[in-house]
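# Summary of structural features
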Amino acid sequence: MISTRIFRTLAGVFLVLLFLVSCGTLPETAGTAEMSEESEHIPLEAGALVYVLADVQKARPILDIAQIRELNEKRAKQMLDKTRYAAAALYPPESGRRFQATAWGAYPGFRAGMAFGMSRNWKKHRSAAALPYWYSAKERLSVALNAKQAFVSSSINDVPLEPFSPSPGVETPEGFAEFRRGAIISCWLEQPAAMVRAAFEKMQIPLQLPAERIFVSLFPAAERPAADGKTAGETEGPQYEALIRIQVASATQARALVTLLTLARGFVSAVTQETDGPASVAALLFANPPVQKGQSLDIRTAALTQGDIALLFSLFPVYSD
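Computed from a predicted model, the values in this text were never measured in an experiment.

### Description of the sheet that holds strand β11 (residues 213-220)
- Strand order in the open sheet made by the twelve strands is β5-β6-β7-β8-β4-β3-β2-β10-β11-β12-β14-β13, with antiparallel pairing throughout. The open sheet has two edge strands with one neighbour each: β5 (122-126) and β13 (291-293). Averaged over all pairs of adjacent strands, the angle between strand axes in this sheet comes to 15°, irrespective of strand direction.
- Looking at chain direction, strand β3 (residues 83-90) and strand β4 (residues 97-105) are connected through seven bridges and run antiparallel. Its bridge partner lying in β4, A86 is registered against A103.

Printed below as a string of structure tokens:
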């Protein structure tokens, strides 16, 4: 499921950091400027199904609900405390790559080389640009990091893949930088039609949505930007709101889908009124009418609990091992 893979991608970064800090020092690697809301490129490879950006400190409550054993380990939590931001991508099987991630933080630095050099499972390699990195055939993991950054890449086959990406990295889609402004977690999905169809089936929504790309941003409910530029009122407990942008082929198609989804909201309300599980999420997802913006539809969810978010993410399969 997409949620599990996203969180395990981030977990992989922190576990590698944990291993290295426990064992020794880290070499200096190629510098990559830290991500900002204005960044138009992400230091990851192209061709992913999903690209995810996370303000790790603000997103900690969401990471905590993932129930990933590795992230609950005491020292891994300490590494989370030292990480400011992370970018990750999940790739289709035919790419040969499982995931890639870059993290920014303030990590302890010790003498270089000891951590990997003392382990028989890790072998030193050099990238096409002659940058050093380490690869474990057992873990199918490539790693390079220093006191400020971590670069991680996981391969499907026993072939080392560089953890670096050619500068400047993959370009973010038009409008994504503005769309994710203020979000604690944001992502975009490429060619998501099949994923959306599977999610709609689980929510018992009899619709086909020809989405070409989807943006998702998650905001604390009290901080979510409103249409007038103000923020939503203070809420009790850890609640969030998601803004979802669905891009389709044309403005005409978007207009037709707005009409269709508006009509479907009544159906969703009737179906989910006394239903638990995935179908109940539909009522939260379609709580507000969709708004057309050119070739896109914007949907704001109702207030979401941490459990609602976990259930919503779990509806979107990427691929199975």
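Continuing now.
### A look at the pattern of salt bridges
- In total, this model carries five salt bridges according to the counting rule given.
- Residue R213 is joined to E190 by a salt bridge in which the shortest nitrogen-to-oxygen separation is 3.2 Å. Of the two residues, R213 is situated in strand β11 and E190 in strand β10 (residues 185-190); the sequence distance between them amounts to 23 residues.
- With relative accessibility at 25%, the residue R213 sits in the partly exposed group.
- R245 is paired through a salt bridge with D298; the nearest N and O atoms lie 2.7 Å apart. Of this pair, R245 sits in strand β12 (residues 240-247) while D298 sits in strand β14 (residues 296-300), placing them 53 residues apart in sequence.
- With relative accessibility at 16%, the residue R245 sits in the buried group.
- Assessed through its relative accessible area of 6%, D298 is described here as buried.
- Where salt bridges share partners, they join R245, K293 and D298 into one cluster.

### As for the environment of Y133
- Relative to the elements of secondary structure, Y133 occurs in strand β6 (residues 132-136).
- Residues Y133 and W122, spaced eleven residues apart in sequence, show a C-alpha to C-alpha distance of 9.8 Å.

### Regarding the side chain of Q100
- Locating Q100 in the fold gives a position in strand β4.
- Within the structure, Q100 has its side chain in polar contact with the side chain of Y91 (distance 3.2 Å).
- Within the structure, Q100 has its side chain in polar contact with the backbone oxygen of P163 (distance 3.0 Å).

### Considerations on the pairing of β6
- Where burial is concerned, most of β6 is hidden: five out of the five residues are buried.
- Both faces of β6 are covered, namely the face carrying P132, W134 and S136 and the face carrying Y133 and Y135.
- For β5 and β6, the ladder comprises five bridges, and the chain directions are antiparallel. Its bridge partner being in β6, R126 is matched across the sheet by P132.
- Here β5 folds back onto β6, and the loop between the two strands holds five residues, one of which, A130, carries a positive phi near 70°.
- Where β6 meets strand β7 (residues 141-145), three bridges bridge the pair, whose relative direction is antiparallel. Bridge pairing in β7 links Y135 to S142.
- Following β6, the chain reverses through four residues before pairing antiparallel with β7; R140 in that reversal takes a positive phi of roughly 55°.

### A few points about unusual backbone geometry
- That bond from S167 to P168 is cis: its omega, 5°, falls within 30 degrees of zero.
- Here P168 lies in the loop between β8 (149-155) and β9 (170-171).
- For A130, which is not a glycine, the phi torsion comes out positive at approximately 70°.
- Tracing the chain through its elements places A130 in the loop between β5 and β6.
- With a phi angle near 55°, R140 is a residue other than glycine that sits in the positive phi range.
- With respect to the helices and strands, the residue R140 is situated in the loop between β6 and β7.
- The class for R140 is partly exposed, based on a relative accessible area of 32%.

### A closer look at the packing of aromatic side chains
- Within this structure, the stated rule accounts for six aromatic pairs.
- Between Y51 and W188, the ring centres sit 4.6 Å apart and the planes meet at 25°, which makes this aromatic pair stacked. You can see Y51 sitting in strand β2 (residues 50-55) and its partner W188 sitting in strand β10, a full 137 residues away along the chain.
- For W188, a relative accessible area of 1% corresponds to the buried category.
- Through successive ring pairs, a cluster of aromatic residues spans Y51, F176, F179, W188 and F215.
- Here the guanidinium or amino end of R97 rests over the ring plane of Y91, the centre of that ring lying 5.6 Å away.

Quick notes on the rules
- What you see as residue numbers is a count from 1 along each chain, following the sequence as written.
- In keeping with the predicted nature of the model, local features appear solely for residues at pLDDT of at least 70, side-chain atom pairs appear and are counted solely at 80 or more, and the whole-chain, interface and lining totals rest on all residues.
- Side-chain descriptors were evaluated using all non-hydrogen atoms of the structure, hydrogens and water having been removed beforehand.
- Between any two strands, at least two bridges found by DSSP are needed for them to pair.
- Counting from the N terminus, the helices are the DSSP runs of H or I reaching at least four residues and the strands are the DSSP runs of E reaching at least two.
- Geometry is summarised by axes, namely lines fitted to C-alpha atoms with helices restricted to the contacting stretch, and by angles between N-to-C directions that run from 0 to 180 degrees.
- What makes a salt bridge here is a side-chain nitrogen of Lys or Arg within 4 Å of a carboxyl oxygen of Asp or Glu, nothing more.
- Burial classification: accessible surface area is computed with a 1.4 Å probe over protein chains only, and a residue below 20% of its type maximum counts as buried, one above 50% as exposed, and the rest as partly exposed.
- Pairing of N or O atoms within 3.5 Å defines a polar contact, subject to two protein rules: one partner must be a possible hydrogen donor and the other a possible acceptor, and residues neighboring in sequence count only if both atoms are side-chain atoms.
- Aromatic pairs are defined between Phe, Tyr and Trp rings, using the six-membered ring for Trp, whenever the two ring centres lie within 6.5 Å; interplanar angles under 30 degrees are classed as stacked, those over 60 as edge-to-face, and all others as tilted.
- Comment: the charge-over-ring label is applied if NZ (Lys) or CZ (Arg) is within 6 Å of the ring centre and within 35 degrees of the ring normal.

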